[in-house]
Amino acid sequence: MKKGYLLAALAILAVAAAVVLLILNIRQRNDNKELEQKVQAIEELAELEKQEMESDYEQLGQQYGEMMAQITNDSLIAQLTREQMRAQQLLEELKRVKADDAREITRLKKELNSVRAVLRTYIRQVDSLNQVNQSLRQENTQLSGRLEESNRQNQNLQQQREQLTEKVTIAAQLDATAISMTALNKRNKVSKKMKDAKTLQVNFNISRNVTAENGQRTIYVRIQTPNGDVLNGGGTFAYENRQLEYSMKKVIEYSGEETPVTMFWQVGEFLSAGEYLVSIFADGNMIGSRRFNFEK
């Protein structure tokens with residue numbers, strides 16, 4: 001009798017264990033299925049985000065092309081072409097990247113924001129030129145039967161374009177500020193008397209200019225003595241269709257932000273007292289000048 005009870009109890013336990021295992025197996029399958037669904041959803045979202053970024057890059061490239069078709073300024077067209085090629089290059093990189101590569105996707109998303117910011121800057125410049133062109137089209141429509149008047153207005157428009165181009169060029173020119181020249185004696189101490197000078201130190205700042213191109217620039221400094229002679233540095237540079245002697249030159253790296261510059265000229269001749277003129281040149285332009293008086 002007892003043996004029968006024991007067998008029955010064991011059978012019940014076995015059935016219960018089987019039921020528990022079945023329930024756990026069902027739950028595990030449900031959990032795995034839910035996890036797979038979540039992973040699939042994340043992958044789909046990542047792929048959608050990548051496709052949206054590709055579409056954005058393509059649209060940016062098209063916008064650059066549309067802007068270039070509206071202008072005739074060679075310098076601006078060259079800048080827009082570089083930015084369009086940059087957008088195309090980033091698009092090609094994005095196409096090669098897998099959607100689940102979070103690091104590269106994040107980098108390319110930052111680059112996309114940078115391309116957008118640059119595009120907005122150029123849009124403002126192109127809009128300014130387009131306003132002039134739009135004004136011309138309206139005037140031509142109103143004066144279609146008056147050829148002579150139309151030609152006169154076209155000439156005025158051309159002058160305006162040239163003036164705008166000149167203004168853009170002028171805006172991109174560098175500017176030297178806070179110009180100073182100091183005479184140093186043999187102990188490298190400041191000397192008010194030119195006769196004690198062994199070194200001439202010239203300091204100035206290249207001002208901040210967001211419209212100027214970044215990169216290396218060669219800076220030339222001319223120092224003219226009271227009698228008009230130039231303290232010779234052994235070379236010349238081009239300025240207004242002629243060659244000028246320089247006293248010093250230096251290559252700097254310009255980033256668009258204010259850049260301090262210091263240059264030295266070693267005195268190898270007698271320097272008289274009086275007024276000295278310091279002139280600073282870059283990119284074929286005189287970007288600053290100042291006069292200094294020194295005692296005997």
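A brief report on the enclosed structure follows.

1. Focus on the overall build of the protein
- Across its full length, the protein carries four helices and nine strands.
- Burial status across the protein gives 32% buried among its 296 residues.
- Counted over contacts in the protein with a minimum sequence separation of 6, partners at least 24 positions apart contribute 65%.
- Summing over all exposed atoms, the protein offers an accessible surface of approximately 19,700 Å²; the carbon and sulfur share of this is 50%.

2. Description of the sheet that holds strand E6 (residues 248-254)
- Strand order across the open sheet formed by four strands is E6-E3-E8-E9, with antiparallel pairing between neighbours. Single-partner strands in this sheet number two, and they are E6 and strand E9 (285-294). Along the sheet, successive strands turn relative to each other by an average axial angle of 20 degrees, direction set aside.
- Where strand E8 (residues 274-282) lies against E9, nine bridges are found, and the strand directions are antiparallel. Each bridged residue has a counterpart across the sheet, and for Phe 281 the counterpart in E9 is Met 286.

3. Quick look at the packing of aromatic side chains
- Following the criterion strictly, the structure yields five aromatic pairs and no others.
- Judged by centre distance (4.6 Å) and plane angle (15 degrees), the rings of Tyr 220 and Phe 237 are stacked. Taken as a pair, Tyr 220 in strand E3 (residues 215-224) and Phe 237 in strand E4 (residues 235-239) lie far apart in primary sequence, 17 residues in all.
- Residue classification places Phe 237 among the buried positions, given a relative accessible area of 4%.
- Residues Tyr 276 and Phe 294 carry aromatic rings whose centres are separated by 5.8 Å and whose planes lie at 85 degrees to one another, so their mutual orientation is edge-to-face. Separated by 18 residues along the polypeptide, Tyr 276 in strand E8 and Phe 294 in strand E9 bring together distant segments of the chain. Phe 294 shares its class with Tyr 276; the two are buried.
- Here the aromatic residues Tyr 220, Phe 237, Tyr 239, Tyr 246 and Phe 281 are joined through ring pairs into a cluster of three or more.

4. Considerations on the nonpolar core
- Ranked by size, the top nonpolar core spans 30 residues in total, and within it Met 181, Leu 200, Phe 204, Ile 206, Ile 223, Val 278 and Ile 280 carry the most contacts.
- Counting residues per element, the ones that place at least two in this core are strand E1 (176-184), strand E2 (199-206), E3, E6, strand E7 (259-266), E8 and E9.
- Those residues in contact with Leu 200 that sit more than four places away from it in its chain are Met 181, Thr 182, Ala 183, Met 194, Ile 223, Leu 231, Met 263, Phe 264, Trp 265, Val 267 and Leu 271.
- Among the nonpolar cores identified, the runner-up in size contains 21 residues, and Leu 60, Leu 76, Ile 105 and Leu 119 belong to it.

5. Considering the pairing of E4
- The alternating pattern of E4 places Gly 235, Phe 237 and Tyr 239 on a buried face and Thr 236 and Ala 238 on a face that is not buried.
- Bridge count between E4 and strand E5 (residues 242-246): five bridges; the pairing is antiparallel. In the strand pairing of E5, Thr 236 is matched with Glu 245.
- Taking the residues between adjacent antiparallel strands as the criterion, E4 and E5 are bridged by two residues, where Glu 240 takes a positive phi near 50 degrees.

6. Some remarks on the sheet that holds E7
- With respect to topology, three strands assemble into an open sheet ordered E1-E2-E7, the strand pairing being antiparallel. Unpaired on one side and paired on the other, E1 and E7 mark the two borders of the sheet. Across the sheet, the mean angle separating the axes of adjacent strands is 15 degrees when strand polarity is ignored.
- As paired elements, E1 and E2 share seven bridges and run antiparallel to each other. Its bridge partner lying in E2, Thr 182 is registered against Gln 201.

7. A look at unusual backbone geometry
- Of note in the backbone geometry, Ala 178 takes a positive phi value of approximately 50 degrees without being a glycine.
- Position of Ala 178 among the secondary structure elements: in strand E1.
- Residue Ala 178 is classed as exposed on the basis of its relative accessible area of 56%.
- Positive phi outside glycine occurs at Asp 283, with the angle close to 55 degrees.
- As for its placement among the helices and strands, Asp 283 is situated in the loop between E8 and E9.
- Taking the relative accessible area as the measure of exposure, Asp 283 reaches 48% and is therefore partly exposed.

8. A short note on helix H2 (residues 74-96)
- Here H2 contains 23 residues, and its C-alpha end-to-end distance of 33 Å stays within 8% of the 33 Å for a straight helix at 1.5 Å per residue.
- Among the residues of H2, those classed as buried are Leu 76, Gln 79, Leu 80, Glu 83, Ala 87, Leu 90, Leu 91, Glu 93 and Leu 94.

9. As for the pairing of E8
- Of all nine residues in E8, seven are buried, a share of seventy percent or more.
- Where E3 meets E8, six bridges bridge the pair, whose relative direction is antiparallel. What sits directly across from Val 221, in E8, is Ile 280.
- Where E8 folds back on E9, the antiparallel hairpin that results is connected by two residues, among which Asp 283 adopts a positive phi of roughly 55 degrees.

So, how was this worked out
Residues numbered from 1 in each chain as written. Predicted model: local features only at pLDDT ≥ 70, side-chain atom pairs only at ≥ 80, totals over all residues. Heavy atoms only, no water. Helix = DSSP H or I, 4+ residues; strand = E, 2+ residues; numbered from the N terminus. Buried < 20%, exposed > 50% of the residue type's maximum accessible area, 1.4 Å probe, protein only. Contact = heavy atoms within 4.5 Å. Areas by Shrake-Rupley, 256 points an atom, 1.4 Å probe, with all protein chains shown as cover. Pairing = 2+ DSSP bridges. Axes fitted to C-alpha atoms, helices over the stretch in contact; angles between N-to-C directions. Phe/Tyr/Trp six-rings, centres within 6.5 Å; stacked < 30°, edge-to-face > 60°. Core = buried A, V, L, I, M, F, W, Y, C linked by side-chain atoms within 4.5 Å. Expected span 1.5 Å × (residues − 1).

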